[in-house]
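Single-letter residue listing:
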Amino acid sequence: MKTKKPQPEALTTKVGGELDDRFQLAKPSRKLLNKVFPDHWSFLLGEIALFSFIMLLLTGTFLALFFEPSMAHVVYDGSYVPLQGIEMSQAYATALDLSFDVRGGLFIRQMHHWAALLFMASIVVHMMRIFFTGAFRKPRETNWMIGVLLFWLGFIEGFAGYSLPDDGLSGTGLRIAEGMMESVPFLGPWVSAALFGGPFPGELIITRFYIAHVFILPLIMLGLITVHLALIFAQKHTQWPGPNRTEHNVVGYRMFPNYVMKQIGFSLMVFGVIALFGGLFQINPIWLFGPYEASVVSSGSQPDFYVMFMDGLIRIFPAWELRFSIGEFVFILPAVFWPGVAAMGIFILLPLLYPAIERRLTKDRGHHNLLQRPRDMPIRTGLGVMAVSFWVIGTVTGGNDVFAEKFDISLNAMTWIGRIGIVLIPVLLYYVTYRICLGLQQHDREILSHGVETGVMMRDPNGRFYEVHQPLAEPDEHGHTDLEYNGWTVPKKMNRLGALKPARKGFFRPIDDAEEPSQDGSTAVESDDDRDEIESGSSDR
């Protein structure tokens, strides 16, 4: 008897049917796989943060197998000769072993550090994209707040991980954090003593940071990321304005197979870049700093970039000390309180509340899925540039001692440059950004009214020279069109209209080939057919 050969499609259908009979998977899976995502490069910034976080979990698990978070004193006898026989903590000794004696340990440790930097950098850039395009507006205020919280959790998580090796550099950072905590009136000393288990640095801080770094904070961040992604699926994805795009639809690719395939390829690229950096570029060479000693602090002690702006604010803030008394008790607010505690509180609360503040000021309570171009919201764009410049100046001044040494500049001069710059430059950039936005809007409106500049110069019978414009719609008797400015991208070049050949671009040859000169030294002349098509604005070229 001849047996029927099983067909793969029938087998897949049967397996799917059996699973759906038991778990009711068909309906939610169909909805998930058919979800549409818009296609734009800026939407990949959040994915970089997600894939970096996955890499952090994988590499962190490997490091946790070998690291001992103990402040017990040991004498180092590992492979790194300059530190042999030196007394240090068990945490620092195992961190050195990870770098020199565990196979692949230094590679994984550097991958972990590069992934952390990429994670924080991608969050910052991703949130800048969200802010400047207005993607935080209703109904996405909650997701914006989750993003802000993820940044600050990443900030604390990174600081905790940075402190674990107990080397000279991380101990200096811990000392600064302890000073900031003690500057808080009333509660500061108690909080510091509770965290460190007594006087600084104590014997417990590394163990507590380890638990927070590998368990508590990643768990909270994982939960927030899950909620963040769930809200993206529950709400429509934002998209740029354009033809056929409205507040009620999404133009793009379905989840499967286009979006999934792209994400798989992009995740592999992110993993590859992190691995490349971990293998080629040295980061945080803890063996050069030596074990931490509370009495040893040197210049050139800079934290990672996302912490440097806070360090910079502390460096340039004047030594203003506020004293006040309550009854017979005298209290002192040291200078470090203002940039280290008060300013940090503002930096946390202001971004969290910004959607509500803007909604209250603009009276905009609508439901938005279309993004806004930064030029269309000049005040918001100016505020964003103002905040970014403030952050950049704080970050640069966090390394003012290095700049002073390398460029032979007085450290006092660097400090005053930072103080004056952080007051004046953000305000100046706000005004310049505001004017640029208005100018860009005006330029778009001129093109909608007069057309695209063609580069063709003409001369009328009166001897006046003028440039020929290609109108975007049927012009009236005065040569003007009646196109409304609605925030869409306006074509600025003839190529965008299809009147000219698209520029030849490539990895090795990014520009068009130069035309060979003719025998008499002039450039080659286009054919009459080409010239006719350009002038008529034909769209098939």
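All of these numbers come straight from a predicted model, not from anything done at the bench.

### Quick look at a nonpolar patch on the surface
(1) Moving on: The grouping of L32, L33, L229, F233, F256, M261, I264 and L268 at the surface amounts to a nonpolar patch, some 710 Å² of accessible area in total.
(2) Moving on: Counting residues per element, the ones that place at least two in the nonpolar patch are helix 2 (26-33), helix 9 (205-234) and helix 10 (255-280).
(3) Moving on: With four residues, the single largest contributor to the nonpolar patch is helix 10.
(4) Moving on: Relative to the assigned elements, L32 resides in helix 2.
(5) Moving on: Among the residues examined, L32 registers a relative accessible area of 39% and is labelled partly exposed.

### Let's talk about the pattern of salt bridges
(1) Moving on: A complete count under the given rule lists twelve salt bridges for this structure.
(2) Moving on: Taking the shortest distance from any N to any O, the salt bridge between E178 and R175 comes out at 3.4 Å. Of the two residues, E178 and R175 both sit in helix 7 (residues 168-182), three residues apart, roughly one turn of that helix.

### Re the nonpolar core
(1) Moving on: Within the largest apolar cluster, 82 residues are counted, with the highest numbers of intra-cluster contacts made by L96, F119 and F155.
(2) Moving on: Considering every element that reaches this core, the biggest residue donor is helix 5 (residues 105-132), with 13 residues.
(3) Moving on: Membership of the second largest hydrophobic core comes to six residues, among which are L448, V452, Y485 and V490.

### Notes on unusual backbone geometry
(1) Moving on: With an omega of 15 degrees, the peptide bond between K138 and P139 qualifies as cis.
(2) Moving on: Looking at the secondary structure, you find P139 in the loop between helix 5 and helix 6 (141-163).
(3) Moving on: With an omega of -5 degrees, the peptide bond between F200 and P201 qualifies as cis.
(4) Moving on: Phi at D166 takes a positive value of approximately 60 degrees, unusual for a residue other than glycine.
(5) Moving on: Tracing the backbone through its elements, the reader meets D166 in the loop between helix 6 and helix 7.
(6) Moving on: Positive phi is not limited to glycine here, since K363 has a value of about 60 degrees.
(7) Moving on: Take K363: it is sitting in the loop between helix 13 (337-362) and helix 14 (378-397).
(8) Moving on: Residue K363 is classed as exposed on the basis of its relative accessible area of 59%.

### Re the confidence of the model for the protein
(1) Moving on: Considering every residue of the protein, the mean pLDDT works out to 87; 90% of them sit at 70 or more.
(2) Moving on: Here residues 516-541 is a poorly scored stretch, pLDDT under 50, and it has 25 contacts once near neighbours within four places are set aside; other chains count.

### Quick notes on the pairing of strand 5 (residues 322-326)
(1) Moving on: The sheet contact formed by strand 5 and strand 6 (residues 329-333) spans five bridges and is antiparallel. Counterpart to R323 in the pairing with strand 6 is I332.
(2) Moving on: Joining the antiparallel neighbours strand 5 and strand 6 is a turn of two residues, in which G327 adopts a positive phi near 70 degrees.

### Overview of the side chain of Q441
(1) Moving on: Take Q441: it is sitting in helix 16 (residues 411-450).
(2) Moving on: The exposure class assigned to Q441 is buried, which follows from its relative accessible area of 12%.
(3) Moving on: When sequence neighbours within four positions are dropped, the list of residues in contact with Q441 reads R375, D376, P378 and Y485.

### Some points on the packing of helix 3 (residues 45-64) against helix 5
(1) Moving on: Running from N to C, helix 3 and helix 5 point in directions that differ by 155 degrees, and their axes come no closer than 8 Å. Relative to helix 5, the element helix 3 lies roughly antiparallel. The hand of the helix 3/helix 5 crossing is left-handed.
(2) Moving on: Taken together, the residues that form the contact of helix 3 with helix 5 break down as 16 nonpolar, eight polar and two charged.

### Details of the pairing of strand 7 (residues 452-459)
(1) Moving on: The pairing of strand 7 with strand 8 (residues 465-470) spans five bridges and is classified as antiparallel. Looking at the pairing, R459 lines up with F465 of strand 8.
(2) Moving on: In this structure, the hairpin formed by strand 7 and strand 8 is closed by a connection of five residues, where G463 is found at a positive phi of approximately 90 degrees.

### Side note on the packing of aromatic side chains
(1) Moving on: One pass over the full model with this rule turns up 31 aromatic pairs.
(2) Moving on: Ring geometry for F37 and Y259: centres 3.9 Å apart, planes at 5 degrees, overall stacked. Taken together, the residues span a long stretch of sequence, with F37 in strand 1 (residues 36-37) and Y259 in helix 10 at a distance of 222 residues. Take F37 and Y259: they sit in the same class, and that class is buried.

### Thoughts on helix 5
(1) Moving on: For helix 5, spanning 28 residues, the distance from its first C-alpha to its last is 41 Å, which sits close to the expected 40 Å at 1.5 Å a residue.
(2) Moving on: Summarising burial for helix 5: 21 of the 28 residues are buried, a large majority.
(3) Moving on: Looking one or two places after helix 5, you find G134, whose phi comes out positive at around 70 degrees.

Cut-off values and rules
Residues numbered from 1 in each chain as written. Predicted model: local features only at pLDDT ≥ 70, side-chain atom pairs only at ≥ 80, totals over all residues. Heavy atoms only, no water. Patch = residues over 30% accessible without salt bridge, like charges linked within 9 Å, V, L, I, M, F, W, Y side chains within 5 Å. Areas by Shrake-Rupley, 256 points an atom, 1.4 Å probe, with all protein chains shown as cover. Salt bridge = Lys/Arg side-chain N within 4 Å of Asp/Glu carboxyl O. Helix = DSSP H or I, 4+ residues; strand = E, 2+ residues; numbered from the N terminus. Buried < 20%, exposed > 50% of the residue type's maximum accessible area, 1.4 Å probe, protein only. Core = buried A, V, L, I, M, F, W, Y, C linked by side-chain atoms within 4.5 Å. pLDDT = per-residue confidence, 0-100. Contact = heavy atoms within 4.5 Å. Pairing = 2+ DSSP bridges. Axes fitted to C-alpha atoms, helices over the stretch in contact; angles between N-to-C directions. Parallel < 35°, antiparallel > 145°, perpendicular 65-115°, else oblique. Left-handed = near helix turned anticlockwise from the far one by under 90°. Nonpolar A, V, L, I, M, F, W, Y, C, P; charged D, E, K, R; others polar. Phe/Tyr/Trp six-rings, centres within 6.5 Å; stacked < 30°, edge-to-face > 60°. Expected span 1.5 Å × (residues − 1).

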